[in-house]
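Residue strings, one per chain:
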Amino acid sequence: MHLLIFDLDGTLVDSKQDLIDSVNATRGYMSLPPLPGEQVARYVGRGALALVRSALGETAPEAEVERAHAFFIKYYGAHMLDKTVLYDGVREALDRMRTKGHTLAVLTNKPVKFSERMMTQLGLAGHFVRIYGGNSFEPKKKPDPVGILTLLSETGMSKSRTIMVGDSAVDIRTARNAGVQACGCAWGFQPETFAAEPPDFIIQHMSQLVERIES
């Protein structure tokens, strides 16, 4: 059996438009013009505060970042499932992996309350032994390996049978830091970052991960 640890945004769920809309609503609240969607998507993956800080510009005063962050959390909490959907094949793949007895977990830098609610409302929360978010191990976030190491300890699984699945260099670096395999998703927000942090293997569809662990 394997321990499969999944990133959330850009890996299990296509949440890009809700994140773009929430960031640009936040910029509007701060009397700033909207940003192009692809620019916003490049900022995703390091947590909500880092997302807001990047969206305001690295020279924004900390007090302004905190004010914008508070607005973003409230706005995104109300709109996080307006347009967010599971990627094609995700539900079927997770069903198959759970049926076969594999242990599944989520490790994301999204705030844990949002992560849990998203998985619950999309009908997947019961598939995972744990859903860990960006504030589960504060102040540590991916690529710090604490989340993976905690899951290894809790499940008793070996590193050799553990795979971190994600769409960005942050996920691959997290796997490397923990000493486990790294699977890259070609459909995510930031697969171009794999050039700097190559995964052990890349999948074009979640069904390919099922095939790999069953072969």
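Coordinates for the structure precede this section.
As the structure is a computational prediction, the values presented were derived from the model and not from experiment.

Engineer: Sorry, what's going on with the pairing of strand 1 (residues 3-6) here?
Structural biologist: For a regular strand, side-chain orientation follows a simple rule: the groups alternate between the two sheet faces. Residues Leu3 and Ile5 of strand 1 are buried on one face, and the alternating residues Leu4 and Phe6, pointing to the opposite face, are buried as well. Inspection of the sheet shows strand 1 paired to strand 4 (residues 103-107) by four bridges, in the parallel sense. Residue pairing for strand 4: Leu4 is matched across the bridge by Leu104.

Engineer: Would you take a moment to explain the environment of Thr155 for this structure?
Structural biologist: Here Thr155 lies in helix 7 (residues 146-155). Note on Thr155: relative accessible area 27%, which makes it partly exposed. Considered as a pair, Thr155 and Arg130 are 25 residues apart in the sequence and their alpha carbons are 9.9 Å apart. Once you skip the residues sitting within four places of it in the chain, Thr155 turns out to touch Leu3, Thr103 and Val129. Here the side chain of Thr155 touches Leu151 through a polar contact of 2.8 Å, landing on its backbone oxygen.

Engineer: Sorry if this is basic, but what is going on with helix 7 here?
Structural biologist: In an α-helix, one turn spans 3.6 residues; hence positions three or four apart end up facing the same way. Three or more residues of helix 7 are buried, namely Gly147, Ile148, Thr150, Leu151 and Leu152. Contacts from the buried residues of helix 7 go to strand 1, strand 4, strand 5 (130-132), strand 6 (162-166) and helix 8 (169-178). Of the residues one or two after helix 7, Gly156 is the one with positive phi, at around 75 degrees.

Engineer: Mind showing me how you'd approach the nonpolar core here?
Structural biologist: The nonpolar side chains of a soluble globular protein tend to be buried with one another. Counting residues in each nonpolar core, the largest one holds 52 residues, and the members touching the most others are Phe6, Leu12, Met97, Met119, Phe128 and Leu209. Excluding residues within four positions of it along the chain, Met97 makes contact with Leu4, Phe6, His102, Leu104, Leu209, Val210 and Ile213. One finds Tyr132, Leu151, Ala175 and Ala182 within the second-largest nonpolar core, a separate group that totals 17 residues.

Engineer: Just to check I follow, could you spell out the packing of aromatic side chains for this structure?
Structural biologist: Given two aromatic rings, their pairing is described by the distance between the two centres and the angle made by the two planes. Throughout the structure, instances matching the rule amount to six aromatic pairs. A centroid spacing of 4.3 Å and a plane angle of 10 degrees characterise the contact between Tyr29 and Phe71, whose relative ring orientation is stacked. Pair noted here: Tyr29 is in helix 1 (residues 16-29) and Phe71 is in helix 4 (residues 62-79), with a separation of 42 residues, a long-range link. Take Tyr29: its relative accessible area is 38%, and that puts it in the partly exposed class. The class for Phe71 is partly exposed, based on a relative accessible area of 23%. Here a set of aromatic residues connected by ring pairs shows up, and it is made of Tyr29, Phe71 and Tyr75. In this arrangement the basic side chain of Arg212 is found over the ring face of Phe201, its NZ or CZ atom lying 3.7 Å from the centre.

Rules used throughout
Residues numbered from 1 in each chain as written. Predicted model: local features only at pLDDT ≥ 70, side-chain atom pairs only at ≥ 80, totals over all residues. Heavy atoms only, no water. Buried < 20%, exposed > 50% of the residue type's maximum accessible area, 1.4 Å probe, protein only. Helix = DSSP H or I, 4+ residues; strand = E, 2+ residues; numbered from the N terminus. Pairing = 2+ DSSP bridges. Contact = heavy atoms within 4.5 Å. Polar contact = N/O pair within 3.5 Å; in protein donor to acceptor, adjacent residues only side chain to side chain. Core = buried A, V, L, I, M, F, W, Y, C linked by side-chain atoms within 4.5 Å. Phe/Tyr/Trp six-rings, centres within 6.5 Å; stacked < 30°, edge-to-face > 60°. Lys NZ or Arg CZ within 6 Å of the ring centre and 35° of its normal.

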